[in-house]
Amino acid sequence: MKNTKVKVTNLKKNFGSNHVLKGIDFEVAQNEVVVLIGPSGSGKSTLLRCLNRLEDPTSGSVVIDGNDISDSKTNIDQARENIGMVFQHFNLFNNLTVGQNVELAPVELGKLSKSEAVTMAKKLLDTVGLDDKYDAMPQSLSGGQKQRVAIARALAMNPDIMLFDEPTSALDPEMVGDVLEVMKDLAKKGMTMVVVTHEMGFAKEVADRVVFMADGKVMEEGKPEEVFGNPQNERTKTFLQKVINV
Amino acid sequence: MKKIIALMSCVFGLFVFVNIYHEPQVNAAEKTYTIGTDVTFPPFVYANSDNKYVGIDMDLIRAIAKKEGFKAEIKPLGFNAAVQSLSSGQIDGVIAGMTITDERRQKFDFSTPYYKSGIVMAVAPKGDIKGLKDLKGKRVAVKTGTAGATYANSIKDRYGFKTVTFDDSDNVYNDVKNGNSAACFDDSAVLNYGVKTGLGLKIVTKPTDIGSYGFAVEKGKNKELMSKFNSGLKKLKANGEYAKIIEKYTGESATAAQKKNSTQANAEGHTFFGLIKQNRDSIIDGIFETIKLTVVSIICATIFGVLIGLLGVLPSKLARGTSTTIIYIFRGLPLLVLALFIYNGVPSLTGSKVPAFVAGIITLTLNEGAYTAAFVKGGIQAVDTGQMEAARSLGLPFGKSMRKVILPQGIKIMIPSFINQFIITLKDTSILSIIGILELTQTGKIIIARNLEGFKIWTIIALIYLIIITVLTLLSKWVERRIND
């Protein structure tokens, strides 16, 4: 049995009277790539955002590396240093250059000196294919370039788990490939990843496990070939038919 | 950011220096009393062409102060403001041709009377109003809080006229001269003097016997000052100095000279250039005071506003509630009410004086600060929430995320509002003329009280404001460019 990296127990999240997560039990092992799929409003993104407490769970627990993220006594800033996150709308810091975006957190949190951070930022930008954009402002980049910078920025803190919240949904189709390439490389290097996406191709190719969610619950999970090839749950079947036939 | 802070501290440093430099030397041996008076009430009090306050009241109080060995700091607040400041303890005494009445005795202690007066009615020389009976259905001008106003109100039903109230005597007289009002009621000594020196009105009634003028202090307080005034007055009457002062201002030679003087001054001062030349010193003082008020208020209001604005975006509910409440209160109060409340209201409750300049700064800081806080809060909230989430997801604490990511973007959004607020602050300093601060607007009022050149003086004052605003705008735009680079 592999080491458990993330353990979510009976997680519930309400927004007022809207019950978005209705008791989720969910685990991620070390070096595992888990892809969350499901229709809009099924709670995938909310689950992901509970993993680094961008959303406060209503009840239940989220434990990562033995730290109870959902406990208000936990130093959440310290915990987040090890949890990288990539957003649908990139959220690059508009007031900083590409290089500064990558360097900000390690320097401000005392992980690296300014000069170490510069070297690291250039190396990371090189791995995502954007070493020539070091001095550019985010506004001058295409969507795909922005998302690759966002991945580099998250990697700069040297996290041991990465959360991706629909990283390609806001991109033009021709940009999607570049971003997915970077994510595949990351997976190959053994990064633990939780990915919310509608890219079924990516899920089939890269995921160790696929989790299908609907109505705030986990409906079905398993290896990609099981879930895609032989779905057991009716909801999964309908969903996959719609998505794959499009 | 650092450049702005450096620039602001330079301006502030300069201001502090100038202020210290201007600090008057106080002789510690003599006790100083603050005496409030009117702006224009000739021959008792008015500003001469050197902008020095002269008149029977001024000469009397100065002579008494000299005899009795105290220092009198004269504050020309306007009659109404002077009386209110006295009842709230902001000043020690009032000498402003104030008639001793039973109503006033409830709140003030009066000296032995120093001048006997009555109320007369004055009209335009060419009109057809010849007496009280002709006033039926007409409008009559009076000055706020004066015995003339009380008298007019007591007989208005009997004679069927309406009263209209002004804060300054010259507005009262002008209203009659330009025909808006049919007549005015004022103290006989004042109107007599005015008629003799070319005011351009005609007296049509005999003086009513309403009593005499007295020097006033707050009831039961400043007994020492009161006894000094009475003993000084007695001495001046005994040695003939009192008679000399009265003669100086009401004797035939004096009024004739004054009439000639004002005709001459009017001839010279008919041009804009002449008016500026004549009043150069007081206008420059007014500009200086306005700039001083503006600079200090802008600095204080910005600091206050930014703090309250930031409080409004903290994760704590208590902090946000405090911010919202402060903004709600001080943005909701009219500036005029706030100024009067701080200057007159608070001291009458706590018993401690607030200097007018400080009261003015507090007023502007609270009011302009509330507006600043509102747009600081708005500017921060206008930054996409994803920016904060991204910063926090990297492990940056709230404060660091704010400083490094949110504020730099928010400030860019806020800059136009800041420039706008600076200009509004400059304009709002004019409202502080109500608490007697001698800034540009109050200076204008006083000059007009003397020469009645309303149109020309207000044009000059308006142009000066526009020039200062232009300079302020250019300066702000320059800072804006610096920040955006």
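Identification of chain A as Phosphate ABC transporter ATP-binding protein from Liquorilactobacillus capillatus DSM 19910 is taken from an unreviewed UniProt entry.

Focus on the overall build of chain A
Along its length, chain A carries nine helices and ten strands. A globule of 246 residues ought to have a C-alpha radius of gyration of about 18 Å, and chain A, at 18 Å, matches this closely. Judged by the C-alpha coordinates and their principal axes, chain A covers about 55 × 45 × 40 Å. Here chain A holds 246 residues, and the buried ones make up 54% of them. Taking contacts inside chain A between residues at least 6 apart in sequence as the whole, the part at least 24 apart equals 65%. As displayed, chain A has an accessible area near 10,900 Å², and 45% of this comes from carbon and sulfur atoms. Of the charged side chains in chain A, 29 are positive and 34 negative; the average position of the first set lies 3 Å away from that of the second.

A word on the overall build of chain B
A tally of regular secondary structure across chain B gives 19 helices and 14 strands. Here the C-alpha coordinates of chain B stretch approximately 90 × 50 × 45 Å along the principal axes. By residue count, 50% of the 485 residues in chain B fall in the buried class. The long-range fraction of contacts in chain B, counting pairs at least 24 apart against all pairs at least 6 apart in sequence, stands at 75%. Split by element, the accessible area of chain B, about 23,100 Å² in all, is 61% carbon and sulfur. Each charge class in chain B was averaged separately, 58 positive and 39 negative side chains, and the resulting centres sit 3 Å apart.

Quick look at the nonpolar core
Of all hydrophobic cores here, the largest spans 72 residues; its most connected members are Val-8, Phe-26, Leu-47, Leu-51 and Val-194 of chain A. With 13 residues, the top contributor of residues to this core is helix α17 (residues 398-428) of chain B. Setting aside residues up to four positions removed in sequence, Val-194 of chain A forms contacts with Phe-26, Val-28, Val-34, Leu-36, Leu-48, Leu-51, Ile-161, Met-162, Leu-163 and Phe-164 of chain A.

Here's the deal with the environment of Arg-320 of chain B
All names here are of chain B. Residue position: Arg-320 is located in helix α13 (residues 317-332). The partly exposed category is assigned to Arg-320, whose relative accessible area is 33%. Sequence-wise, Arg-320 and Ala-390 are 70 residues apart; in three dimensions their C-alpha atoms are separated by 23 Å. Once residues within four sequence positions are removed from consideration, Arg-320 is found in contact with Leu-311, Gly-312, Leu-314 and Pro-315. Side-chain polar atoms of Arg-320 contact the backbone oxygen of Pro-315, separated by 3.2 Å.

Here we look at the environment of Ile-467 of chain B
All names here are of chain B. Within the secondary structure layout, Ile-467 lies in helix α19 (residues 454-484). Taking relative accessible area as the criterion, Ile-467 reaches 55% and is therefore assigned exposed. The spacing of Ile-467 and Leu-396 is 71 residues in sequence and 47 Å in space, taken between C-alpha atoms.

Topic: the interface of chain A and chain B
Taken together, the contact between chain A and chain B spans 22 residues of the former and 17 residues of the latter. Of the roughly 1,700 Å² buried where chain A meets chain B, counting both sides, 57% is carbon and sulfur surface. Considering only the surface of chain A that becomes buried against chain B, Phe-93, Asn-95 and Glu-108 of chain A emerge as the three largest contributors, covering 30% of it. Taken together, the connections running from chain A to chain B amount to three salt bridges. Across the contact surface, chain A and chain B share nine residue pairs in polar contact (both at pLDDT 80 or more). Sorting the residues of the side of chain A that touches chain B by element identifies α2 (76-81), β6 (83-86), α3 (98-108) and α5 (143-155) of chain A as the ones contributing at least two each. With four residues, α2 of chain A is the largest single contributor of residues to the side of chain A that touches chain B. Looking at side-chain class alone, the side of chain A that touches chain B contains twelve nonpolar, four polar and six charged residues.

Here's the deal with the packing of aromatic side chains
Inspection of every chain in the model, using the stated rule, returns 16 aromatic pairs over all chains. Taking the centre distance of 6.4 Å and the plane angle of 45° together, the rings of Phe-41 of chain B and Tyr-213 of chain B count as tilted. Of this pair, Phe-41 of chain B sits in the loop between β1 (31-37) and β2 (46-47) while Tyr-213 of chain B is found in strand β13 (residues 211-213), placing the two residues 172 residues apart along the sequence. Of the two residues, Phe-41 of chain B and Tyr-213 of chain B, neither departs from the other in class, the shared state being buried. Here the aromatic rings of Phe-161 of chain B and Phe-185 of chain B are separated by 6.0 Å at their centres, their planes lie at 25°, and the arrangement is stacked. Of this pair, Phe-161 of chain B sits in the loop between α5 (147-159) and β10 (162-166) while Phe-185 of chain B sits in strand β11 (residues 183-187), and the two are 24 residues apart along the sequence. Side by side, Phe-161 of chain B and Phe-185 of chain B carry an identical accessibility label, which is buried. Lys-13 of chain A extends its terminal NZ or CZ atom over the ring of Phe-15 of chain A, reaching a point 4.9 Å from the ring centre. In this structure, Arg-153 of chain A is placed above the aromatic ring of Phe-93 of chain A, and the distance from its NZ or CZ to the ring centre is 4.4 Å.

Some thoughts on the UniProt feature "domain: ABC transporter" (unreviewed entry) in chain A
Listed under "domain: ABC transporter" (unreviewed entry) in the UniProt record, and renumbered for this structure, are residues 6-240 of chain A. With 37% helix and 26% strand, residues 6-240 of chain A has its two end C-alpha atoms placed 27 Å apart.

What to know about the sheet that holds strand β8 (residues 119-123) of chain B
Residues and elements named next belong to chain B. Across the sheet, which stays open at both edges, the five strands sit in the order β10-β9-β11-β8-β12 with mixed pairing between neighbours. Across the chains shown, the open sheet's two edge strands, defined by having one partner strand only, are β10 and β12 (202-203). In the sheet, β8 pairs with β11 via five bridges, with the strands oriented antiparallel. Following the sheet pairing, Val-120 is matched in β11 by Asp-186. In the packing of helix α7 (residues 188-196) onto the sheet, the strands contacted are β8, β11 and β12, and the crossing angle to β11 comes to about 115°.

Topic: the sheet that holds β6 of chain A
All names here are of chain A. Reading across from one edge, β6-β7-β8-β3-β9-β10 is the order of the six strands in this open sheet, with mixed pairing throughout. The sheet terminates laterally at β6 and β10 (217-222), the two strands that pair on one side only. Mean inter-strand twist for the sheet, computed between neighbouring axes without regard to direction, equals 20°. In the sheet, strand β3 (residues 33-37) pairs with strand β9 (residues 209-214) via four bridges, with the strands oriented parallel. For Val-34, the partnering residue across the bridge sits in β9 and is Arg-209. Strands in contact with helix α1 (residues 44-51) are β3, β6, β7 (161-165), β8 (192-196) and β9; relative to β7, the strand with the most contacts, it is inclined by about 150°.

Comments concerning helix α8 (residues 223-239) of chain B
Residue and element names in this part refer to chain B. Look at α8: 24 Å from first C-alpha to last across 17 residues, which is about the 24 Å you get at 1.5 Å a residue. Listing the buried residues of α8 in full gives Leu-225, Met-226, Lys-228, Phe-229, Gly-232, Leu-233 and Leu-236. The buried residues of α8 occupy an angular sector of 160° when projected down its axis, which confines them to one face. Facing away from the buried side of α8 by more than 90 degrees, the exposed set consists of Lys-223, Lys-234 and Ala-238. Residues of α8 that are buried make contact with β1, α2 (56-68), β4 (70-76), β6 (108-110), β14 (216-218) and α9 (241-250).

What counts and what doesn't
- Residues numbered from 1 in each chain as written.
- Chains lettered and ligands numbered in written order.
- Predicted model: local features only at pLDDT ≥ 70, side-chain atom pairs only at ≥ 80, totals over all residues.
- Heavy atoms only, no water.
- Helix = DSSP H or I, 4+ residues; strand = E, 2+ residues; numbered from the N terminus.
- Rg over C-alpha atoms; globule rule 2.2 N^0.38 Å.
- Buried < 20%, exposed > 50% of the residue type's maximum accessible area, 1.4 Å probe, protein only.
- Contact = heavy atoms within 4.5 Å.
- Areas by Shrake-Rupley, 256 points an atom, 1.4 Å probe, with all protein chains shown as cover.
- Lys, Arg positive; Asp, Glu negative; His and termini not counted.
- Charge placed at Lys NZ, Arg CZ, Asp CG, Glu CD.
- Core = buried A, V, L, I, M, F, W, Y, C linked by side-chain atoms within 4.5 Å.
- Polar contact = N/O pair within 3.5 Å; in protein donor to acceptor, adjacent residues only side chain to side chain.
- Buried area = accessible area lost by both parts, 1.4 Å probe.
- Salt bridge = Lys/Arg side-chain N within 4 Å of Asp/Glu carboxyl O.
- Nonpolar A, V, L, I, M, F, W, Y, C, P; charged D, E, K, R; others polar.
- Phe/Tyr/Trp six-rings, centres within 6.5 Å; stacked < 30°, edge-to-face > 60°.
- Lys NZ or Arg CZ within 6 Å of the ring centre and 35° of its normal.
- UniProt positions renumbered as here; feature names shortened; annotations may be inferred.
- Pairing = 2+ DSSP bridges.
- Axes fitted to C-alpha atoms, helices over the stretch in contact; angles between N-to-C directions.
- Expected span 1.5 Å × (residues − 1).
- Arc of directions from axis to C-beta.

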